[in-house]
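Single-letter residue listing:
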Amino acid sequence: MTNSSKGALTLRSALAAAALAVTSCAAVAQDNNAFEPGWVLSSDTSVLRFQSVKNETKVESSSFGSYTGFIDDTGLATIKVALDSVDTNVDLRNVRMRFLMFETFKFPEATITMQIAPETIADLEDVRRKVMDVSYTIDLHGVSVEKEAEIAVTLLDNDKVSVTSATPISLALEDFDLMDGREKLQNAAKVAIIPSATVTFDFTFDRATSPEAFKIARAEKEGDALLQNAALEQDGDFTVDACKGRFEIMSRTDSIYFASGGSRLEDRSAPLLDSISEIAQRCPNLVVQIIGHTDSDGSEANNQRLSEARAQSVREYLQSTGVSPTSVMSVGVGETQPAFPNDTPENKRKNRRIEFKALSS
């Protein structure tokens, strides 16, 4: 063999060894970071539930039907929950939860973020399951709260991992400004509700095939229209009972606002009124009566005129969003039908309200 041939073999051997070294380093890096190149939540095999207690002893379990989730290559897990997809197994109870408790017309999503350090599960392939304490942040109803939870991470196979609550997570309603929603829910359902809930979850994630595939999946799922309208309810028109029940609930939302002393609707009324418009258009065989109320301040004549003007403003708004003029009517009753004694500023505020009734056409 010539010296040139030996040199070529030596060069090829060196290049092959270098390539092997690079491949080995990449494999080690992959093994040391179980989150590369990223994981995508499998909604079909994942469950998010919460348990509440009413009348001291009755436990009710509810779930959500629509959420997205990801774990990036740093171990940051992000879950977004469409609150409109709350499922209590009872149609009108779902509507109460959406409009009275969560106020999804203002706060459509909840977001949970959790950092899992890659080095804490570097041996997951060997042990298969690890239980650990982690910090997480939950953004719900316009409030962000940091908490800790015990979770279990289980490697189901090389491309599938589950992240579950090892113990139930307790959340206080007061922490998320949900006590007013609790009061509305109690009044609507005529029950007493303990002011906290426990949450459990079992999330399954699939490993992305590449960093590019992870980016594409994340972009597609984060833009999914399902998160914008994920209510678990029938398609098409509602039944008469479903319509009447919905408008009774809409009367309890306390989220229609007017300029002080006037009948001009404030912009912050739009999210709820848009939802009411969607419901009205799915109740074609009924007429929605809009009823304006005031407190007892001022003269009876002025309060009567103000209640009529405010109800008419709501009617005009609904018509502007596509509700047929023949499907809505407005009346004012002034101060004659108070829901509370007019003896405190808060009670007076509650008496200044708009109510809805679904009437046979």
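Above this text is the structure in question.
Structural notes, computed from the coordinates.

Calculation rules
- Residues numbered from 1 in each chain as written.
- Predicted model: local features only at pLDDT ≥ 70, side-chain atom pairs only at ≥ 80, totals over all residues.
- Heavy atoms only, no water.
- Disulfide = S-S within 2.5 Å.
- Helix = DSSP H or I, 4+ residues; strand = E, 2+ residues; numbered from the N terminus.
- Buried < 20%, exposed > 50% of the residue type's maximum accessible area, 1.4 Å probe, protein only.
- Lys, Arg positive; Asp, Glu negative; His and termini not counted.
- Salt bridge = Lys/Arg side-chain N within 4 Å of Asp/Glu carboxyl O.
- Polar contact = N/O pair within 3.5 Å; in protein donor to acceptor, adjacent residues only side chain to side chain.
- Contact = heavy atoms within 4.5 Å.
- Pairing = 2+ DSSP bridges.

1. A short note on the state of the cysteines
What makes a disulfide is a covalent bond joining the sulfur atoms belonging to two cysteines.
No. 1: Under the definition given, this model contains one disulfide.
No. 2: Each disulfide pairs two cysteine sulfurs, and for Cys243 the partner residue is Cys283, the sulfurs being separated by 2.0 Å. Since a negative S-S torsion denotes a left-handed disulfide, the Cys243-Cys283 link at about -105° is left-handed. One end of the pair, Cys243, is in helix H6 (residues 240–250); the other, Cys283, is in the loop between helix H7 (270–280) and strand E13 (286–292), and 40 residues separate them in sequence.

2. Some details on the side chain of Arg310
No. 1: Looking at the element boundaries, Arg310 is found in helix H8 (residues 300–320).
No. 2: Although buried, Arg310 forms no salt bridge, and the nearest oppositely charged side chain, Asp295, lies 7.5 Å from it.
No. 3: Among the polar contacts made by the side chain of Arg310, one reaches the main-chain carbonyl oxygen of Gly262 at a distance of 2.7 Å.
No. 4: The residues contacting Arg310, other than those within four sequence positions of it, are Phe258, Ala259, Gly261, Gly262, Ser263, Arg352 and Ile354.

3. Here we look at the side chain of Gln51
No. 1: Looking at the element boundaries, Gln51 is found in strand E2 (residues 47–54).
No. 2: A relative accessible area of 18% means that Gln51 is categorised as buried.
No. 3: Discounting chain neighbours no more than four positions away, the residues touching Gln51 are Val59, Glu60, Ser61, Ala197, Thr198, Val199 and Thr200.

4. Topic: the pairing of strand E7 (residues 109–115)
No. 1: Summarising the sheet, strand E5 (residues 76–82) and E7 pair through seven bridges and their orientation is antiparallel. Bridge pairing in E7 links Ala82 to Glu109.
No. 2: As paired strands, E7 and strand E8 (residues 129–140) are joined by four bridges and run antiparallel to one another. In the sheet register, Met114 faces E8, and the bridge partner there is Tyr136.

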